[in-house]
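Geometric and topological summary
Residues per chain, in single letters:
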Amino acid sequence: MRFLDYFRSKKTSSASVAKERLQIIVAHERGRRDQPDYLPQLQQELLAVIRKYVQISDDMVQVEVDRNDNCSILELNVTLPE
Amino acid sequence: MARIIVVTSGKGGVGKTTTSASISTGLAKRGHKTVVIDFDVGLRNLDLIMNCERRVVYDFVNVIQGEATLNQALIRDKRVEDLYILPASQTREKEALTKDGVERVINELSETFEYIVCDSPAGIEHGALMALYYADEAIVVTNPEVSSVRDSDRILGILQSKSRRAEMGQEPVKEHLLLTRYNPARVQRGEMLSVADVEEILAIPLLGVIPESQVVLNASNRGVPVILEEDSDAGQAYDDAVARLLGEEREHRFMTAQKKGFFSRMFKGG
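This one's a predicted model, so the numbers in the text were calculated from it and none came from an experiment. (Residues numbered from 1 in each chain as written. Chains lettered and ligands numbered in written order. Predicted model: local features only at pLDDT ≥ 70, side-chain atom pairs only at ≥ 80, totals over all residues. Heavy atoms only, no water.)

Quick word on the interface of chain A and chain B
The interface of chain A with chain B comprises 12 residues on the first partner and 15 residues on the second. Roughly 1200 Å² is buried in total at the junction of chain A and chain B, and carbon and sulfur atoms are behind 55% of that figure. Viewed at the interface, chain B and chain A are joined by 4 salt bridges. Between glutamate 29 of chain A and arginine 150 of chain B there is a salt bridge whose closest N-O contact spans 2.7 Å. Taken together, the connections running from chain A to chain B amount to 9 residue pairs in polar contact (both at pLDDT 80 or more). When the residues that make up the side of chain A that touches chain B are grouped by side-chain class, the tally is 5 nonpolar, 3 polar and 4 charged. (Contact = heavy atoms within 4.5 Å. Buried area = accessible area lost by both parts, 1.4 Å probe. Salt bridge = Lys/Arg side-chain N within 4 Å of Asp/Glu carboxyl O. Polar contact = N/O pair within 3.5 Å; in protein donor to acceptor, adjacent residues only side chain to side chain. Nonpolar A, V, L, I, M, F, W, Y, C, P; charged D, E, K, R; others polar.)

Here it is as structure tokens:
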């Protein structure tokens, strides 16, 4: 296998690395673009409310909006510490 | 009613002004009365590329602020009939371009011109927003390079949310991808993103591919829009792009590397 990998890795051109990196960052940025402006604020306020009861860090609350044809779903994901 | 076309990119140095000069020249050459407006207040350069820098008396901001009439500010191109240039101000602040002011000028131009080409400044600040706000169509100039592609995607997002068409809920701005400084030999060696790669990422229709060419710098040195270099690959690629903009079907050229034989190397200087 090592022998084959040697030839394979050599074929990863810089252009294909560029394409892959771009696809990831562009998809990520498009996702944020479509979200409502109030989302970061909402996330902060939710965090503050939950912190009244449980100690959690910033990254333990995820807020996302999923758009379907005729409605949007606000998805709230809170990870509580053990 | 004039058709308003913005030439934009987000990133600087990708060829917006070169493209604005060539597209507007190409439209006028085909008999469409065209005006090209430089929106880069404070850093005007379209006048240099179009070789009229010594004929600028009044500018876009003078007209907006009522210090000059449009007729006083418009510069008539000396090479192509039906082509006019409205230069940017070199001394004012970018904020001198107000939404109302720009709208008044565009409306007045709409009465006599068929095409209004807006040469956007780089960035996503005020000047760039003003350049794209009234657009019916957008030519997104992109280099096959990571930062340019990302910035183009950003500007597409802005076209889709902050243009007048978006704000009014009208039919969206028609988007065109123009890939510039394309080097087919490097693409073949896997050193440069291909046309297909960029199309796949940005997902907008391809207007044209302009090959990287020494002719472009030579033409700008002399103040000649490169589309007038009719024997050159870049000039012909711009001519194709203008034809497609007007609805003509043209096959894409200059997308594969030319294999040079021994003789052409010897006699055409490589």
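Points about the sheet that holds strand β2 (residues 34-38) of chain B
Paired through their backbone hydrogen bonds, the strands of a sheet run either parallel or antiparallel. Residues and elements named next belong to chain B. Overall, mixed pairing links the 8 strands, which are arranged β3-β4-β2-β5-β1-β6-β7-β8 in an open sheet. Both edges of this open sheet fall to β3 (75-76) and β8 (206-211), since each of them pairs with a single strand only. Two strands pair when backbone bridges link them, and β2 and strand β5 (residues 115-119) are joined in this way by 5 bridges, in the parallel orientation. The residue bridging threonine 34 from the neighbouring strand is tyrosine 115, located in β5. Most of the contacts of helix α1 (residues 16-29) go to β5, to which it runs at about 170°, and overall it touches β1 (3-8), β2, β4 (83-86), β5, β6 (137-142) and β7 (174-182). (Pairing = 2+ DSSP bridges. Helix = DSSP H or I, 4+ residues; strand = E, 2+ residues; numbered from the N terminus. Axes fitted to C-alpha atoms, helices over the stretch in contact; angles between N-to-C directions.)

Some remarks on the UniProt feature "domain: AAA" (unreviewed entry) in chain B
Residues annotated in UniProt with the feature "domain: AAA" (unreviewed entry) correspond here to residues 3-154 of chain B. Counted over residues 3-154 of chain B, helix gives 38% and strand 18%. Its end C-alpha atoms are 24 Å apart. (UniProt positions renumbered as here; feature names shortened; annotations may be inferred.)

Some remarks on the packing of aromatic side chains
All names here are of chain B. Counted according to the given criterion, the structure contains 3 aromatic pairs over all chains. Summarising the aromatic geometry, the rings of phenylalanine 39 and phenylalanine 60 are spaced 5.1 Å apart at their centres and angled 80° between planes, so their arrangement reads as edge-to-face. In this pair, phenylalanine 39 sits in the loop between β2 and α2 (46-49) while phenylalanine 60 sits in helix α3 (residues 60-64), placing the two residues 21 residues apart along the sequence. Judged by its relative accessible area of 0%, phenylalanine 39 is buried. Aromatic pair tyrosine 84 and phenylalanine 113: ring centres 5.5 Å apart, planes at 75°, arrangement edge-to-face. One end of the pair, tyrosine 84, is in strand β4; the other, phenylalanine 113, is in the loop between α5 (99-112) and β5, with 29 residues separating them in the sequence. Each member of the pair, tyrosine 84 together with phenylalanine 113, is buried. Against the face of phenylalanine 113 rests lysine 33, its NZ or CZ located 4.9 Å from the ring centre. (Phe/Tyr/Trp six-rings, centres within 6.5 Å; stacked < 30°, edge-to-face > 60°. Buried < 20%, exposed > 50% of the residue type's maximum accessible area, 1.4 Å probe, protein only. Lys NZ or Arg CZ within 6 Å of the ring centre and 35° of its normal.)

Here's the deal with a nonpolar patch on the surface
Residues Leu76, Val78 and Leu80 of chain A make up a contiguous nonpolar surface patch of about 250 Å² in total accessible area. Structurally, the position occupied by valine 78 of chain A is in strand β2 (residues 72-78). (Patch = residues over 30% accessible without salt bridge, like charges linked within 9 Å, V, L, I, M, F, W, Y side chains within 5 Å. Areas by Shrake-Rupley, 256 points an atom, 1.4 Å probe, with all protein chains shown as cover.)

Brief notes about the pattern of salt bridges
Inspection of the entire model under this criterion finds 22 salt bridges over all chains. A salt bridge links glutamate 200 of chain B to lysine 19 of chain A, with the nearest nitrogen and oxygen atoms 2.9 Å apart. On the criterion of chain membership, the pair formed by glutamate 200 of chain B in helix α10 (residues 195-202) and lysine 19 of chain A in helix α2 (residues 14-33) is interchain, its members lying in two chains. Salt-bridge contacts for arginine 250 of chain B lead to aspartate 240 of chain B; the nearest nitrogen and oxygen are separated by 2.8 Å. One end of the pair, arginine 250 of chain B, is in the loop between α12 (233-245) and α13 (262-267); the other, aspartate 240 of chain B, is in helix α12, with 10 residues separating them in the sequence. Its relative accessible area of 28% is what places arginine 250 of chain B among the partly exposed residues. Salt bridges sharing partners connect three or more residues here, namely Arg30, Asp239, Asp240, Arg244, Glu248, Arg250 and Arg253 of chain B.

Some details on the UniProt feature "binding site: ATP" (unreviewed entry) in chain B
Residues and elements named next belong to chain B. Here the UniProt-annotated "binding site: ATP" (unreviewed entry) positions come out as Lys11, Gly12, Gly13, Val14, Gly15, Lys16, Thr17 and Thr18. Turning to its location among the elements, glycine 13 is positioned in the loop between β1 and α1. The contacts of glycine 13, once residues within four sequence positions are left out, are Asn143 and Arg181. Take lysine 16: it is sitting in helix α1. A relative accessible area of 7% means that lysine 16 is categorised as buried. Ignoring anything within four residues of it in the chain, the contact list for lysine 16 reads Val7, Thr8, Ser9, Lys11, Asp119, Ser120, Pro121, Ala122 and Val141. Polar side-chain contacts of lysine 16 include one of 2.9 Å to the side chain of serine 9.

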